[in-house]
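One-letter residues, chain by chain:
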Amino acid sequence: MSTITAPLGDSSIMLRRNVKHITRTPVTIFNAALMPVVMMLIFVYVFGSAFDVGEHYIDYATPGMILLAISYGLSGTAVSVSSDMAKGIINRFKVMDVSRNAVLIGHVVATVLTNVVAIAAIVGMAFALGFRSSATALDWLGAIGVMAATSFAASWLTVALGMAAKTPESAGMSVVPLIMLPFLSSAIVPADKMGQGVRQFAQYQPFTPIIESLRGFLTGHPCGGYTAAALAWCAGFAIVGYLWARATFNKRV
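Residues numbered from 1 in each chain as written. Predicted model: local features only at pLDDT ≥ 70, side-chain atom pairs only at ≥ 80, totals over all residues. Heavy atoms only, no water.

- The name given to the protein chain in an unreviewed UniProt entry is Transport permease protein, with the source organism recorded as Nocardia jiangxiensis.
- One UniProt comment on the protein chain, placed under Sequence similarities (unreviewed entry), says "Belongs to the ABC-2 integral membrane protein family." (UniProt positions renumbered as here; feature names shortened; annotations may be inferred.)

**A few points about the overall build of the protein chain**
In step 1: Each helix and strand counted, the protein chain has 12 helices and zero strands in total.
In step 2: Along the protein chain, helices (α) and strands (β) appear in the sequence α-α-α-α-α-α-α-α-α-α-α-α when read from the amino end.
In step 3: In the protein chain, which comprises 253 residues, the share counted as buried stands at 48%.
In step 4: Across the protein chain, every contact between residues at least 6 apart in sequence was considered, and the portion connecting residues at least 24 apart equals 82%. (Helix = DSSP H or I, 4+ residues; strand = E, 2+ residues; numbered from the N terminus. Buried < 20%, exposed > 50% of the residue type's maximum accessible area, 1.4 Å probe, protein only. Contact = heavy atoms within 4.5 Å.)

**Quick look at the UniProt feature "transmembrane region" (unreviewed entry) in the protein chain**
In step 1: Under the UniProt annotation, the feature "transmembrane region" (unreviewed entry) is placed at residues 27-48, 60-81, 102-128, 140-164, 171-191 and 224-245.
In step 2: As annotated, residues 140-164 has a helix share of 100% and a strand share of 0%, and its two end C-alpha atoms lie 36 Å apart.
In step 3: Strand forms 0% of residues 171-191 and helix 43%; the C-alpha atoms that close the span are 30 Å apart.

**Quick notes on the packing of aromatic side chains**
In step 1: A full pass over the atoms with the stated rule returns six aromatic pairs.
In step 2: Relative to Phe 131, the ring of Phe 127 lies with its centre 5.2 Å away and its plane at 65 degrees, an arrangement referred to as edge-to-face.
In step 3: Both rings, one in Trp 156 and one in Tyr 242, keep their centres 5.1 Å apart while their planes meet at 90 degrees; by these two values the pair is edge-to-face. Placement of the pair is Trp 156 in helix α7 (residues 137-164) and Tyr 242 in helix α12 (residues 224-252), with a sequence separation of 86 residues. (Phe/Tyr/Trp six-rings, centres within 6.5 Å; stacked < 30°, edge-to-face > 60°.)

**Brief notes about the confidence of the model for the protein chain**
In step 1: Mean pLDDT for the protein chain: 83, with 84% of residues reaching 70 or above.
In step 2: The secondary-structure element of the protein chain with the lowest mean pLDDT is helix α5 (residues 89-95), recorded at 64, while helix α11 (residues 207-218) shows the highest, at 94.
In step 3: Confidence drops under a pLDDT of 50 for residues 1-6, and excluding neighbours within four residues, the segment shows two contacts in the predicted structure. (pLDDT = per-residue confidence, 0-100.)

**Quick notes on the nonpolar core**
In step 1: Counting residues in each nonpolar core, the largest one holds 54 residues, and the members touching the most others are Met 40, Tyr 57, Ile 66 and Ile 188.
In step 2: Listing elements by their share of this core, those giving two or more residues are α2 (26-47), α3 (57-72), α4 (74-87), α6 (100-128), α7, α9 (176-180), α11 and α12.
In step 3: Among the elements that line this core, the one with the most residues is α3, at 11 residues.
In step 4: With residues near it in sequence (within four places) discarded, Ile 66 still touches Ile 119, Ile 122, Val 123, Met 147, Leu 214 and Leu 218.
In step 5: Met 14, Trp 156, Ala 160 and Phe 249 belong to the second-largest nonpolar core, a separate cluster that totals 13 residues. (Core = buried A, V, L, I, M, F, W, Y, C linked by side-chain atoms within 4.5 Å.)

Right under this line is the structure:
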């Protein structure tokens, strides 16, 4: 077997293993797919009329809800990675001569697939609630690219956090900032309507350009500046997450 096909085969095996674990854990599926839908219903029907965003609130909120859908499923990944480390499963893989990258890639791809389900649920619910987009096919491709880059980057960072955590419980807590950051961005209300201090934080934190990039694509008015910033943040997160995960993996096994 070649040096290329061996890691790919190992990665596919690790992916099947992680997908089976996800499907056997209803809480993970709920957090990944149903919880973002519940959040959307709450914000649109309960709080939506209180926010003056200059357009239909469902049209404004959908990009932010997509990012929330990505972030809500991350705790399950962190806990799964930490559990593998704590239970010695990783050491068994090492004895079996399984590619180290394959173990990490399996978790990342499984997380991305979970995010795809969550995003599909959010977009479907948004259309059911009245969301309408004037985006062209090219705009939709741009939006999908930003969503894929965000999911990929967040997955690597989450795997790294899970690797570094001492226990599965602490791993679950370590991703809380990633879950909370969308609430302190332009996901729910425009940043310029926030109070002093919070407004500046919302404007310059990494999730705001990602959301604004998605919002531009979905409304048919893409913004190159926001998209460039979003992709730069995603690249940084992915690189840091990968290097951190590899370093922790090598150190602990």
